[in-house]
Amino acid sequence: MIKFSEYFNDWLYGNDGYYAMYKEIGKDGDFYTSVSTSPFFGGAIAKKIIKSIEDGFLPQDTTILEIGAHHGYLLADVIQFIYTLKPKLLDTLNFSIVERFPNLQKKQKEYIKESFGDIIKLTHYNDLQEIKLENAFVLANEIFDAFSCELVYTNDKNVLQQAFIENHKIKFIDCNDEKIINHCKKYQITKGEVGLSYEEFVNTLCTNIKGFEFLTFDYGDRYPRNDFSARVYEKHKVFPIFEEGLDLKKLYKKSDITYDVHFNHLSDCFKNNGIENVVFNTQLKALVEFGIIELLEILKANVDESTYLRQTQNVKTLLEPTGMGDRFKIINTRK
């Protein structure tokens, strides 16, 4: 019998884990992301990076560091829009990816080279622990929902219980882990997910990079739902983890497993490192503030109407208040 966090981590990152093998994202995969929806997602981020440099917060030779880059599509979109908006920056900027799996590093290198030839030099890190930088713009799209978590539940005797896995079956046992108990008391969690691994990530980031701007997008909200959000994605079908008859053994390592991010906890991880200005926002508000509408206006002036309308429709999907625009949230902070 093992903790749910160990099972979750092995599902995604163990031998033959879901993320250890290259997977398609989008129509031919198990789920969509903002990256697979429109290149203007990366374009808005590029505009944000350029502004941070022009405002003097980051130098022109800063490193753009992506964590969890998958194929490298997002970083490539960012690079392409920097080339469009401020091409001289490509002479000075550095580009890096944190990626633990060698086969994915290979895919990312190939895609960046295929897209830009030898113009872009890409550096890989196997782990965040390896990084030692003076400054960076750190980009992380949908990574915290893939950090290991525990499942907790308060029973009818008001006792907090923790999930364990035996033969791919979930069992709840009285929790005796003081960190989990204290976390649940602090955030008034009676039922749901507890992602304690956020803390180590943020601590390492703050220790290894002297000055940075950090931007992450993920689904979730400020406050815990006090319900289970853990779910499995397979071929664009969603299966709540406690759905009756769900066969975890069959889905194990062959589909994506995820949960909603608790953004107040993530924000507190930065504040515990002395970073007070942590901005929380919806994807809709963030992308508009970054300048995605202005990018569409530039497009309109340079392409035919059908191309413009197609791209506009994709951007609407990113911004839709009843969909991605509100479901996805961001944290943006500076050290």
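Residues numbered from 1 in each chain as written. Predicted model: local features only at pLDDT ≥ 70, side-chain atom pairs only at ≥ 80, totals over all residues. Heavy atoms only, no water.

**Q** I'd love a proper account of the overall build of the protein, names of residues and values included.
**A** Secondary structure summary: the protein contains 13 helices and 16 strands in total. Taken over the C-alpha trace, the protein has a radius of gyration of 20 Å; the compact-globule value for 335 residues is 20 Å, and the two agree within 12%. Across the 335 residues in the protein, those meeting the buried criterion constitute 56%. In the protein, 78% of the contacts between residues at least 6 apart in sequence involve partners at least 24 apart. With an accessible surface of roughly 16100 Å², the protein has 48% of that area assigned to carbon and sulfur atoms. Distance between charge centres in the protein, computed from 41 positive and 49 negative side chains, equals 0 Å. (Helix = DSSP H or I, 4+ residues; strand = E, 2+ residues; numbered from the N terminus. Rg over C-alpha atoms; globule rule 2.2 N^0.38 Å. Buried < 20%, exposed > 50% of the residue type's maximum accessible area, 1.4 Å probe, protein only. Contact = heavy atoms within 4.5 Å. Areas by Shrake-Rupley, 256 points an atom, 1.4 Å probe, with all protein chains shown as cover. Lys, Arg positive; Asp, Glu negative; His and termini not counted. Charge placed at Lys NZ, Arg CZ, Asp CG, Glu CD.)

**Q** If you had to explain the environment of isoleucine 64 to someone new, which residues and values would you point to?
**A** One can find isoleucine 64 in strand E2 (residues 63–67). In contact with isoleucine 64, not counting residues within four places along its chain, are Ile49, Leu75, Ile82, Leu93, Asn94, Phe95, Ser96 and Phe137.

**Q** Hey, could you go over the packing of aromatic side chains for me, with residue numbers and the actual values?
**A** Counting across every chain of the model gives 26 aromatic pairs. Aromatic pair phenylalanine 40 and phenylalanine 81: ring centres 5.2 Å apart, planes at 70°, arrangement edge-to-face. Taken together, the positions of phenylalanine 40 in helix H3 (residues 40–54) and phenylalanine 81 in helix H4 (residues 73–85) put the pair 41 residues apart, joining distant regions of the chain. For the residue pair phenylalanine 40 and phenylalanine 81, the accessibility class agrees, reading buried in each case. In textbook terms, an aromatic cluster arises when at least three aromatic residues are bridged by ring pairs, as seen for Phe4, Tyr7, Phe8, Trp11, Tyr252 and Tyr259. For arginine 231, the ring lying beneath its charged end belongs to tyrosine 219, and the centroid distance is 4.7 Å. (Phe/Tyr/Trp six-rings, centres within 6.5 Å; stacked < 30°, edge-to-face > 60°. Lys NZ or Arg CZ within 6 Å of the ring centre and 35° of its normal.)

**Q** Before we move on, could you go through unusual backbone geometry and cite the residues and values that matter?
**A** The phi torsion of most residues other than glycine is negative, and most of the peptide bonds are trans. The phi angle at asparagine 167 is positive, at roughly 55°, despite the residue not being glycine. Within the secondary structure layout, asparagine 167 lies in the loop between strand E7 (160–166) and strand E8 (169–174). In this structure, asparagine 226 takes a positive phi of about 55° despite not being glycine. The residue asparagine 226 is located in the loop between strand E10 (209–221) and strand E11 (231–234) in this model.

**Q** Break down the sheet that holds strand E12 (residues 237–240) for me, with residues and values.
**A** Strand order across the open sheet formed by three strands is E12-E11-E13, with antiparallel pairing between neighbours. A single partner strand is all that each edge strand has here, and the edge strands are E12 and strand E13 (256–258). On average, each strand axis in the sheet is inclined to that of its neighbour by 25°, with strand direction left out of account. Note that E11 and E13 share three bridges and pair antiparallel. The residue of E13 that forms the bridge with arginine 231 is threonine 258. In the packing of helix H1 (residues 4–13) onto the sheet, contacts are made with E11 and E13, and the angle to E13 comes to roughly 145°. (Pairing = 2+ DSSP bridges. Axes fitted to C-alpha atoms, helices over the stretch in contact; angles between N-to-C directions.)

**Q** Can you explain the pairing of strand E15 (residues 278–282)? Please cite residues and give values.
**A** Walk down a regular strand and you will see the side chains alternate between the two sheet faces. In terms of burial, E15 is largely enclosed, as four of its five residues are buried. Examined bridge by bridge, E15 and strand E16 (residues 328–334) share five bridges and lie antiparallel to one another. Each residue of the ladder has a partner; that of valine 278, found in E16, is threonine 333.

**Q** Any chance you could break down helix H6 (residues 178–187) for me, citing the residues and the numbers?
**A** Taken together, the buried positions of H6 are occupied by Ile180, Ile181, His183, Cys184 and Tyr187. Buried residues of H6 fall within an arc of 165° about the axis and therefore sit on the same side. In H6, the exposed residues that point more than 90 degrees away from the buried face are Lys179, Lys185 and Lys186. Looking at the packing, one finds that the buried side of H6 touches strand E6 (150–154), E7, strand E9 (191–194), strand E14 (261–262) and helix H9 (263–271). Measuring from the backbone nitrogen of lysine 179 back to the side-chain oxygen at the start of H6 gives 2.9 Å, which picks out aspartate 177 as the cap. Where H6 ends, the next residue or the one after it, glutamine 188, has phi of about 55°, a positive value. (Arc of directions from axis to C-beta. Polar contact = N/O pair within 3.5 Å; in protein donor to acceptor, adjacent residues only side chain to side chain.)

Read these as spatial facts, not as claims about activity.
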